[in-house]
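Fold and geometry: a report
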Amino acid sequence: MGGSFALTLVIGVAAVVIAPNLRGTTADASTAHTALGSARLAPAPLPPEPKAKVASMTDALAVPADSGSGRRIVFDQSDQRVWLVGQNGSVEATYLVSGSMHDNLNPGSYRVQARFRTATAFDYSGTMEYFVQFTRGKSEPIGFHSVPKDNSGVLEQTKAELGTPLSAGCIRQWLDDAITLWEFAPIGTAVVVTA
């Protein structure tokens, strides 16, 4: 009798562990632990996210009003943010970047002029990947690219520093975002820079 009670208890505990996955939720280890704890303790559900907060986040990520129309890349210098906008005006991606520390890029309309899978910094201090050029500065190309690595292979900035102007002229992106823009932007793609 004691053995069948222990078996029932083990099967019951296994059902509690498996049950969250049977409801179709996908969870990482921390969520699964929380779900198991919830099954045992049954705390009150969390209140829904306030709608005003979601609306303000949507507004904060809206494409700048003065950025044209159609399929384009938009770079807003004051927000240090890029938007990849589809033909119908839908935002396909948006993310923080690090533009220039210098006032060397005028607001306006440009087009992608060249693309380089890998490039070397103008002063030979390092390399970057997925370079998408859309204009020239006084003597060097300006474009979007991954955060550069110095000559010893160390990234020149962290992901947490995106959103801060840190480059000598180009727009730095995290590698995943640089690849996304590279795939979005063949030669001729419109680029709009806003203040």
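Read on for a plain summary of the structure. Throughout this document, residue positions are counted from 1 along each chain, in the order its sequence is written. Residues qualify for local features only when their pLDDT is at least 70, as the model is predicted, and side-chain atom pairs are given and counted only at 80 or more; totals for whole chains, interfaces and linings, by contrast, use all residues. Here the side-chain values reflect all heavy atoms present in the structure, with hydrogen atoms and water set aside.

Read across the sheet, five strands follow the order β3-β2-β1-β10-β4 without closing on themselves; strand pairing throughout is mixed. Of all strands in the sheet, those with a lone pairing partner are β3 (91-96) and β4 (108-111), marking the two edges. Averaged over all pairs of adjacent strands, the angle between their axes in this sheet comes to 20°, without regard to strand direction. Pairing analysis gives five bridges linking strand β2 (residues 81-85) to β3, with the strands arranged antiparallel. Following the sheet pairing, L84 is matched in β3 by A93. Against the sheet, helix α4 (residues 175-184) touches β1 (72-76), β2 and β3, its axis set at about 35° to β2. At least two DSSP bridges between two strands are required for those strands to pair. Under the scheme used here, helices are H or I runs from DSSP no shorter than 4 residues and strands are E runs no shorter than 2 residues, and both carry numbers assigned from the N terminus. Where helices are involved, their axes are fitted lines through C-alpha atoms of the stretch in contact, as for all axes, and angles between N-to-C directions lie from 0 to 180°. A contact between two residues is defined here by any heavy atoms of the two lying within 4.5 Å.

Turning our eyes to something else, we now look at the packing of aromatic side chains. Note on aromatic contacts: the rings of Phe and Tyr and the six-membered ring of Trp form a pair at centre separations within 6.5 Å, being stacked when their planes are under 30 degrees apart, edge-to-face when over 60 apart, and tilted otherwise. Per the counting criterion, the structure on display carries four aromatic pairs. On the numbers, 5.1 Å between centres and 35° between planes, the contact of F134 with F144 is tilted. With F134 in strand β6 (residues 126-136) and F144 in strand β7 (residues 141-146), the pair connects residues that are ten residues apart, well separated along the chain. Under the scheme applied here, a residue whose accessible area is under 20% of the maximum for its type counts as buried, over 50% as exposed, and between as partly exposed, the area being computed with a 1.4 Å probe on protein chains only. Look at F134 and you get buried, because its relative accessible area is 1%. Members of the aromatic cluster, connected to one another through ring pairs, are Y110, F134 and F144.

Moving on to the side chain of Q173. Tracing the backbone shows Q173 in strand β9 (residues 171-173). A residue is classified by how much of its surface remains accessible, and Q173, at 0% relative accessible area, is buried. Not counting chain neighbours up to four residues away, the residues in contact with Q173 comprise Y95, V97, F144, H145, S146, V147, A178 and L181.

Once that is clear, we can look at the environment of L162. Relative to the helices and strands, L162 is located in the loop between β8 (149-150) and β9. For the pair L162 and G99, spaced 63 residues apart in sequence, the C-alpha to C-alpha distance is 8.9 Å. Once residues lying within four places of it in the same chain are set aside, the contact partners of L162 are L96, V97, S98, V147, Q157, R172 and W174.

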